[in-house]
Amino acid sequence: SQTIHQWPATLVQPVGSPLSLECTVEGTSNPNLYWYRQAAGRGLQLLFYSVGIGQISSEVPQNLSASRPQDRQFILSSKKLLLSDSGFYLCAWSVHPSAGYTFGSGTRLTVV
Amino acid sequence: AQTVTQSQPEMSVQEAETVTLSCTYDTSESDYYLFWYKQPPSRQMILVIRQEAYKQQNATENRFSVNFQKAAKSFSLKISDSQLGDAAMYFCAFPGPVNQFYFGTGTSLTVIP
C-alpha cells in the first residue's frame, strides 16, 4: 500500500538554528512531491514541489530550501530559522491529477 | 493563473441538519479535477470528495455531495445529516499545470449538538 511518512511531528527550534524536515513515500514510484506551510488558522501555502530527483520548483522566495536526493524522499531545510518560519508543515504526494494528494501527518514547527 | 476562493471563513450547523460550503475558482483549462479536503483538529488532511470537470453528474460520497456549476466556476460542498465529527476546516483545492494544488483559505465548520 502507498504511505507517506513525515517527521518529526513537533519541533521547537531557536532563531538562527538550522532545520531539516524529512518526508518519504512508500508504495509508489516517481511521485510528484510537495511541501506546504500552514500558519495558525490559515490556509495552505505551497512552498516547493518536485516532479523528479533533483528537480525542485519554488513557489515563494523565502528562507527555506528543498531537496529531493532520492525518488521517494523530499527534504525541507533552512540554514538559519526566523521567527516567521513557525507554522505547520505538510508534505504531500501525487501521481496523477485525478487522484488528488495524499498528505503526511505534518510537523508543527515553533521558532523561539 | 488558477485561483480558488472560499468566501465563508466560518460556518455553523445544527447536528443532523444540512450545510453547504461555497467555493469558486478560476481557470482557463477545460478538463480538470476539483477536490474538497477536511482538516480536523488533528490537522491531518483528509480527502472528502472529488469532481471531474468533464462529468456533468455531481459527485457523491455518502453524506457528502457537491454542486458543480462549470460555467459559473462554482464547486460547493453539501454535508447532509451533519455529525459532531464533521467539525473541521474544509478546503477546496484545484490542481495547477504541474499538479501543484492551490487551496482556498478554508471554512471552519462548527457542529452544534
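Worth saying up front: this structure is predicted, and the values here are computed from it rather than measured. (Residues numbered from 1 in each chain as written. Chains lettered and ligands numbered in written order. Predicted model: local features only at pLDDT ≥ 70, side-chain atom pairs only at ≥ 80, totals over all residues. Heavy atoms only, no water.)

## Describing the overall build of chain B
We apply this condition: Under the DSSP-based scheme used, a helix requires at least four consecutive residues in state H or I and a strand at least two consecutive residues in state E, with every element numbered from the N terminus. Our radius of gyration is a C-alpha quantity, and the globule rule it is checked against amounts to 2.2 Å times the number of residues to the power 0.38. Only protein chains enter the accessibility calculation, which uses a 1.4 Å probe. A residue is then buried if its area is under 20% of the maximum for its type, exposed if over 50%, and partly exposed in between. Method for areas: the Shrake-Rupley scheme with a 1.4 Å probe, in which residue coverage is limited to the protein chains shown. The convention is simple: Lys and Arg are positive, Asp and Glu are negative, and His and the chain ends are not counted. Just so you know, the charge point we use is NZ for Lys, CZ for Arg, CG for Asp and CD for Glu.
Along the backbone of chain B there are zero helices and 12 strands. When its helices and strands are written in sequence order, chain B yields β-β-β-β-β-β-β-β-β-β-β-β. Over its C-alpha trace chain B gives a radius of gyration of 13 Å, about what one expects of a compact globule, namely 13 Å for 113 residues. Each principal axis of the C-alpha distribution contributes one length, and for chain B these read about 40 × 25 × 20 Å. Across the 113 residues in chain B, those meeting the buried criterion constitute 49%. A total accessible area of about 5500 Å² is found for chain B, and carbon and sulfur atoms account for 46% of it. Each charge class in chain B can be summarised by its mean position, and for the 8 positive and 10 negative side chains these summaries are 4 Å apart.

## Some details on the environment of Thr5 of chain B
Residue and element names in this part refer to chain B. Going by this rule: We call two residues in contact whenever any of their non-hydrogen atoms come within 4.5 Å of each other.
Relative to the helices and strands, Thr5 is located in strand 1 (residues 3–5). For the pair Thr5 and Cys92, spaced 87 residues apart in sequence, the C-alpha to C-alpha distance is 8.1 Å. Leaving out residues up to four positions away in the same chain, Thr5 has contacts with Ser22, Cys23 and Thr24.

## Thoughts on the side chain of Gln6 of chain A
All names here are of chain A. As a reminder of what qualifies: Whenever a nitrogen or oxygen atom comes within 3.5 Å of another N or O atom, the pair is scored as a polar contact, on the condition that within protein one atom can donate a hydrogen and the other can accept it, and that pairs from neighbouring residues in sequence are kept only if both atoms are in side chains.
Mapped onto the fold, Gln6 is located in strand 1 (residues 3–7). Judged by its relative accessible area of 8%, Gln6 is buried. Here the side chain of Gln6 touches Gly106 through a polar contact of 3.2 Å, landing on its backbone nitrogen. Within the structure, the side chain of Gln6 is placed 3.4 Å from the side chain of Thr107, a separation counted as a polar contact.

## Some thoughts on the interface of chain A and chain B
Here is the rule we go by: Note: buried area is the sum, over both parts, of the accessible area (probe 1.4 Å) each one loses when the two are combined. Side-chain classes follow a simple rule in which Ala, Val, Leu, Ile, Met, Phe, Trp, Tyr, Cys and Pro form the nonpolar group, Asp, Glu, Lys and Arg form the charged group, and the remainder, Gly included, forms the polar group.
In this complex, chain A contributes 25 residues to the contact, which on the side of chain B involves 18 residues. Counting the surface lost from both chain A and chain B, the interface buries some 1800 Å², and carbon and sulfur atoms represent 54% of this. Counting across the interface, chain A meets chain B through nine residue pairs in polar contact (both at pLDDT 80 or more). Only strand 4 (32–38), strand 5 (44–52) and strand 9 (87–94) of chain A provide two or more residues apiece to the side of chain A that touches chain B. Looking at side-chain class alone, the side of chain A that touches chain B contains 13 nonpolar, nine polar and three charged residues.

## Focus: the pattern of salt bridges
Here is the rule: The term salt bridge refers to a pairing of a side-chain nitrogen on Lys or Arg with a carboxyl oxygen on Asp or Glu at a separation within 4 Å.
All chains considered together, the criterion is met by five salt bridges over all chains. Between Asp71 of chain A and Arg68 of chain A there is a salt bridge, and its shortest N-O distance comes to 3.2 Å. According to the relative accessible area criterion, Asp71 of chain A is partly exposed, its value standing at 21%. Note on Arg68 of chain A: relative accessible area 2%, which makes it buried. Among the ionic pairs, Lys55 of chain B bridges to Glu52 of chain B, the shortest N-O distance being 3.2 Å. Lys55 of chain B gets classed as partly exposed once you look at its relative accessible area, which sits at 40%.

## Topic: the confidence of the model for chain B
What counts here: pLDDT: the predictor's confidence for each residue, scored from 0 to 100.
Mean pLDDT over chain B works out to 92, with 98% of the residues at or above the 70 mark. By mean pLDDT, strand 11 (residues 101–103) of chain B is the weakest element of chain B at 87, and strand 3 (residues 19–21) of chain B is the strongest at 98.

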